[in-house]
Amino acid sequence: DVSMFGNSIITGATTTTVGTLTMLGNVFMVDGENAGGTYIANLSGSLSDVLAISGSLTLGTGSFLNINGPADGSTTYVLATFGSHSDIFETVTGMPANYSLVYNSTDLELVPIPEPSTWIGGALALGAIGFVARRRRRAGSA
């Protein structure tokens, strides 16, 4: 198991390059007697750091996520995988615009948020399909 205290930092490769860090057991990033520690997650193009944790990831008070590097706007980045997790990062810095953190049952993802124009385009397309289908039904009943 890994317990992070004070100013401890964890990352996939180095603090400036992308990679994967595989950890057997559990990772605790919460307050003990000191702050819980920081995960530096680097982004590079369509790649990101990954913490591959075989056990559970425990977050909460004193846990920090620092995202470094620009997101490409379309990639879903998997920042961590784990057997289970509890709580969320207390502090997140460097969050790319139009992205959201998603805490799934076995991974942590940085997910692009569709722009409003995407939703409007999808709604217009569905409306057009409904209109065409309605016209076909009327033409068939005449």
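Reading the values: the criteria
- Residues numbered from 1 in each chain as written.
- Predicted model: local features only at pLDDT ≥ 70, side-chain atom pairs only at ≥ 80, totals over all residues.
- Heavy atoms only, no water.
- Helix = DSSP H or I, 4+ residues; strand = E, 2+ residues; numbered from the N terminus.
- Buried < 20%, exposed > 50% of the residue type's maximum accessible area, 1.4 Å probe, protein only.
- Areas by Shrake-Rupley, 256 points an atom, 1.4 Å probe, with all protein chains shown as cover.
- Pairing = 2+ DSSP bridges.
- Contact = heavy atoms within 4.5 Å.
- Phe/Tyr/Trp six-rings, centres within 6.5 Å; stacked < 30°, edge-to-face > 60°.
- Core = buried A, V, L, I, M, F, W, Y, C linked by side-chain atoms within 4.5 Å.

### Digging into the overall build of the protein
Link 1 in the chain: Along the protein, the regular secondary structure elements total one helix and 14 strands.
Link 2 in the chain: Burial status across the protein gives 33% buried among its 142 residues.
Link 3 in the chain: Total accessible area on the protein is roughly 8000 Å²; 58% of this is exposed by carbon and sulfur atoms.

### Re the sheet that holds strand β11 (residues 84–86)
Link 1 in the chain: Ordered by their spatial adjacency, four strands build an open sheet running β1-β4-β8-β11, and the pairing between neighbours is parallel. Either end of the sheet is taken by a strand with one partner, and the two such strands are β1 (2–3) and β11.
Link 2 in the chain: Bridge analysis of strand β4 (residues 27–28) against strand β8 (residues 56–58) gives two bridges, and the strand direction is parallel. Note that in β8 the partner of F28 across the bridge is T58.

### Comments concerning the environment of L21
Link 1 in the chain: Position of L21 relative to the elements: it lies in strand β3 (residues 20–23).
Link 2 in the chain: In this structure, the C-alpha to C-alpha distance between L21 and I10, residues 11 residues apart in sequence, is 8.8 Å.
Link 3 in the chain: Apart from residues lying up to four places away in sequence, L21 is in contact with I10, T11, G12, V50, L51 and A52.

### Brief notes about the environment of M4
Link 1 in the chain: Along the chain, M4 falls in the loop between β1 and β2 (9–11).
Link 2 in the chain: Residue class for M4 comes out buried when judged on its relative accessible area of 4%.
Link 3 in the chain: In this structure, the C-alpha to C-alpha distance between M4 and F28, residues 24 residues apart in sequence, is 6.2 Å.

### Describing the packing of aromatic side chains
Link 1 in the chain: For the structure shown, the criterion picks out one aromatic pair.
Link 2 in the chain: Centroid distance Y77 to Y99: 6.0 Å. Interplanar angle 40°. Geometry classified as tilted. Here Y77, found in strand β10 (residues 77–81), pairs with Y99, found in strand β13 (residues 99–103); they are 22 residues apart in sequence, far enough to count as distant. Neither Y77 nor Y99 differs from the other in exposure class; each is buried.

### Some remarks on the nonpolar core
Link 1 in the chain: Residues M29, Y39, L65, L79 and L110 are the most contacted members of the largest nonpolar core, which totals 23 residues.
Link 2 in the chain: Secondary-structure elements contributing two or more residues to this core are β5 (37–44), β7 (50–53), β9 (63–68), β10, β13 and β14 (107–112).
Link 3 in the chain: Once residues within four sequence positions are removed from consideration, Y39 is found in contact with I10, T11, M29, D49, V50, L51, F64, L65, N66, L79 and F89.

### Let's talk about unusual backbone geometry
Link 1 in the chain: Even without glycine at this site, D87 takes up a positive phi of about 65°.
Link 2 in the chain: Structurally, D87 is set in the loop between β11 and β12 (91–93).
Link 3 in the chain: Residue classification places D87 among the partly exposed residues on the basis of a relative accessible area of 48%.
Link 4 in the chain: With phi around 65°, N98 is a residue other than glycine that occupies positive phi space.

### Some points on the pairing of β10
Link 1 in the chain: Direction of pairing for β7 relative to β10: parallel, over a ladder of two bridges. Across the sheet, L51 pairs through a bridge with A80, a residue of β10.
Link 2 in the chain: Pairing of β10 with β14 involves four bridges; the strand directions are antiparallel. Paired with Y77 across the strands is L110, a residue of β14.

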